[in-house]
Amino acid sequence: GDGVALDKVAWFSDNGDDKTHPIGKKEPNKWGLLDTLGIAPDTRLQMIAVRDIGKYGLRVFERHEQVNGRAIDVAGDELTGPEAAAILTDVTGREVTYHQVPIEQVRSGSAEFAIMYEWFDAVGYDADIDRTAAEFDDTARAFVSVMVPM
């Protein structure tokens, strides 16, 4: 840990109240940057809203006999950094760009984060989003729907 609470530097599903927020209102990270990652711009990152994790958890309990002993990977979307930035630009009406922090700069601040970002680039998650949604009669919300107020 770098001693910074996540909700001080980032909006996410647990503190975002399902609505958009002004850009640049959170604290910058330890490098003075806002909203950056150390993964390559063409790396597809699977993500899921916390609310959707709960929905899938409920489905597992409801269907415990079917899924007992299975590992079930879930995700709601799979985007590159530039794709996510384009969605944020559309939703907020303000230009958002993706900037890859050089991995050695990440490593100088956190070896664990550097290892994680390298894993995202080399391996990454591989949830079958469509198959899991069909099996559980539920679709996790796409990134854009998490960003748009309900």
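Our subject is the structure that appears above.
Residues numbered from 1 in each chain as written. Predicted model: local features only at pLDDT ≥ 70, side-chain atom pairs only at ≥ 80, totals over all residues. Heavy atoms only, no water.

Participant: Can you explain the pattern of salt bridges? Please cite residues and give values.
Facilitator: Overall, the coordinates contain seven salt bridges when judged by the stated rule. Here Asp52 makes a salt bridge to Lys55, at a shortest N to O gap of 3.2 Å. Taken together, the positions of Asp52 and Lys55, both in helix 2 (residues 50-62) and three residues apart, correspond to about one turn of that helix. We classify Lys55 as partly exposed; its relative accessible area is 26%. A salt bridge links Asp128 to Arg131, with the shortest nitrogen-to-oxygen separation between them at 3.8 Å. Taken together, the shared-partner salt bridges in this structure form one network comprising Arg44, Glu78 and Glu83. (Salt bridge = Lys/Arg side-chain N within 4 Å of Asp/Glu carboxyl O. Helix = DSSP H or I, 4+ residues; strand = E, 2+ residues; numbered from the N terminus. Buried < 20%, exposed > 50% of the residue type's maximum accessible area, 1.4 Å probe, protein only.)

Participant: Give me the lowdown on the environment of Thr80, citing residues and values where you can.
Facilitator: Position of Thr80 among the secondary structure elements: in the loop between strand 2 (77-79) and helix 4 (81-92). Sequence spacing of Thr80 and Thr43 is 37 residues, and the spatial spacing of their C-alpha atoms is 5.4 Å. Aside from chain neighbours lying at most four places away, what touches Thr80 is Pro41, Asp42, Thr43 and Arg44. (Contact = heavy atoms within 4.5 Å.)

Participant: Give a description of the packing of aromatic side chains that names residues and reports values.
Facilitator: For the structure on display, the rule yields six aromatic pairs. Ring geometry for Trp119 and Tyr125: centres 5.0 Å apart, planes at 75°, overall edge-to-face. Taken together through their ring pairs, the aromatic side chains of Phe113, Tyr117, Trp119, Phe120 and Tyr125 make up a single cluster. (Phe/Tyr/Trp six-rings, centres within 6.5 Å; stacked < 30°, edge-to-face > 60°.)

Participant: Can you lay out the nonpolar core for me, pointing to particular residues and giving the numbers?
Facilitator: Listed in full, the 10 residues of the largest apolar core are Ile39, Leu45, Ala85, Val96, Tyr98, Val101, Val106, Ala114, Tyr117 and Phe120. Take this core: its biggest share by element is three residues, from helix 6 (residues 111-122). The residues touching Phe120, leaving out its near neighbours within four places in the chain, are Ile39, Thr43, Leu45 and Tyr125. In terms of nonpolar packing, the next biggest core, distinct from the first, is built from five residues, Tyr56, Val67, Ala133 and Ala140 among them. (Core = buried A, V, L, I, M, F, W, Y, C linked by side-chain atoms within 4.5 Å.)

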